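Each chain, written out:
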Amino acid sequence: MTSQSIKQVAVIGSGAMGSQIAMVCALAGYPVILHDIQQESLEKAKRSLEEQMEKRVKKGRFTEEEAKKAFARLMFTTALEQLKEADMVIEAIVEKLEAKKELFAKLEGIVQPHTILATNSSTIVSSKIAEAVSRPENVCNIHFFNPALVMELVEVVKGPHTSEETAEISMTFIRSIHKTPVLLKKEISGFIANRLLGKLVDEALFLLENGYATHEEIDLVCTKALNHPIGPFSLMDLTGLDVNYFVRMQRFQESGDERDRPSKIVQEKVEKGELGRKAGKGFYEYNEQGQKVGVTT
């Protein structure tokens, strides 16, 4: 298969990441199938995309015609069999290894022999998932950043099982959807950006849990002194505290190192359902529009 052979894209998981990845591909001209096991989740994703695209049209990022054409290319389905013609499948489901392995095993019996099966995971390296399939050379990580409609960079990770062709096609594909790819030539959990960011988040949680400063003050230091566009606690709220929790649990299960466990404060918030912006509360509180409530800084 050549890089020009990708004619149809499928994205599995219609959460914030999956739905936006699907729209990015549709905007670039690809027919896209967005799959989820729940119809309700697909309907929610469609409403969310409509709202986001409406805002972007008003800001002049896209024309109304471009948005309309992108939606026309986007198909929503709960039937996995609909993905049989996809040349590129990007998985964006829950950050749990067994769930991903089960999905990839099912996919292999549906898609074409040449189809690239990519995981958007930034923590679970694809070699762990490739164990579940008979064509591991077609498997890789393609990691988009949140929010995918905005963030330009995409990390493509080549595992020891990934063929050169799969890596090359994936890099070309990312360029074709107007993103900037970076190729990691070998696997490492967290890849580049999240390994760097993880150190910052760990230190921010340490400072908070030990009473050195509030989460608002730590965020303020990061935005005003380090010139970051968003502080670590605002970022965790944006991506979801459950994501942080599952990532750290996965790392802890692999290493057995107590230092890799999720922080107590993150665990407590996840247990209370305070998952961040999507839940209306995390480290901050949010209104229905996703705007912070009661924050003056």
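Before any of the text, the structure's been laid out above.
Okay, so let's go over this structure. Every value quoted in this text rests on a predicted model; they were computed, and no experiment measured them.

Here's the deal with unusual backbone geometry
If a residue is not glycine, its phi is most likely negative; likewise, a peptide bond is most likely trans.
Thinking step 1. Here the residue pair Asn146 and Pro147 is connected by a cis peptide bond, since its omega of 0° sits within 30 degrees of zero.
Thinking step 2. Look at Asn227: it is not a glycine, yet its phi comes out positive at around 65°.
Thinking step 3. Residue Asn227 is classed as exposed on the basis of its relative accessible area, which comes to 67%.

Digging into the layout of surface pockets
Thinking step 1. Taken as a whole, the second largest pocket holds about 250 Å³ of empty space.
Thinking step 2. Together, 13 residues line the second largest pocket, and Glu209, Arg261, Pro262, Ser263 and Lys264 are the ones closest to its centre.
Thinking step 3. Of all the elements in the fold, those that place two or more residues in the lining of the second largest pocket are α7 (193-209) and α11 (264-271).
Thinking step 4. The greatest single-element share of the lining of the second largest pocket, amounting to four residues, is contributed by α7.
Thinking step 5. Grouping the amino acids of the lining of the second largest pocket by side-chain chemistry returns three nonpolar, three polar and seven charged.

Examining empty space enclosed by the protein
Any empty space left between the atoms is revealed when a probe the size of a water molecule rolls over them.
Thinking step 1. Scanning the model with the defined rule gives one cavity of 30 Å³ or more in all.
Thinking step 2. Taken as a whole, the largest cavity encloses approximately 40 Å³ of empty space.
Thinking step 3. What lines the largest cavity is simply Glu108, Val111, Gln112, Pro113, Thr115, Leu117, Arg135 and Asn138.
Thinking step 4. Its residues assigned to classes, the lining of the largest cavity shows three nonpolar, three polar and two charged.

Remarks on the pattern of salt bridges
Thinking step 1. The tally for this structure, following the rule as stated, stands at 14 salt bridges.
Thinking step 2. As a salt-bridge pair, Glu274 and Lys272 come within 4.0 Å of each other at their nearest N and O atoms.
Thinking step 3. Among the residues examined, Lys272 registers a relative accessible area of 58% and is labelled exposed.
Thinking step 4. Lys281 is the salt-bridge partner of Glu274, the closest N and O atoms lying 3.5 Å from each other.
Thinking step 5. Residue class for Lys281 comes out partly exposed when judged on its relative accessible area of 33%.
Thinking step 6. By sharing partners, the salt bridges in this structure join Lys269, Lys272, Glu274 and Lys281 into a single network.

So, the sheet that holds strand β4 (residues 88-91)
Thinking step 1. Overall, mixed pairing links the eight strands, which are arranged β3-β2-β1-β4-β5-β6-β7-β8 in an open sheet. The two strands at the open ends of the sheet, each matched to only one other strand, are β3 (74-77) and β8 (180-184). Taking each pair of neighbouring strands and ignoring which way they run, the sheet shows an average axis angle of 25°.
Thinking step 2. For strand β6 (residues 139-144) and strand β7 (residues 153-157), the ladder comprises four bridges, and the chain directions are antiparallel. Bridge pairing links Phe144 to Val154 in β7.

Each value, and the rule that gives it
- Counting starts from 1 at the beginning of each chain's written sequence and moves along it residue by residue.
- With pLDDT at 70 or above as the cut-off, local features in this predicted model cover only qualifying residues; side-chain atom pairs require 80 or more to be listed or tallied, and sums for whole chains, interfaces and linings still use all residues.
- Hydrogens and water are ignored here; the side-chain numbers use all heavy atoms of the structure.
- Between buried and exposed lies partly exposed: a residue is buried under 20% and exposed over 50% of the maximum accessible area for its type, with that area taken using a 1.4 Å probe on protein chains only.
- Of the two site types, the cavity is a set of points on a 1 Å grid over the protein atoms alone where a 1.4 Å probe fits but cannot get out, and the pocket is an open set with protein on both sides within 12 Å along at least five of seven lines, each lined by residues with an atom within 4 Å of a point.
- Grid points are joined across faces, edges and corners, and a volume is the space filled by probe spheres set on the points.
- The secondary structure listing takes helices from DSSP runs of H or I that are at least 4 residues long and strands from runs of E that are at least 2 residues long, numbered from the N terminus.
- Any residue that is not Ala, Val, Leu, Ile, Met, Phe, Trp, Tyr, Cys, Pro, Asp, Glu, Lys or Arg is counted as polar, Gly included; the first ten are nonpolar and the last four charged.
- What counts as a salt bridge is simple: a side-chain nitrogen of Lys or Arg found within 4 Å of a carboxyl oxygen of Asp or Glu.
- Two strands are said to pair when DSSP picks up at least two bridges between them.
- With axes taken as lines fitted to C-alpha atoms, and helix axes fitted only over the stretch in contact, angles between N-to-C directions fall between 0 and 180 degrees.

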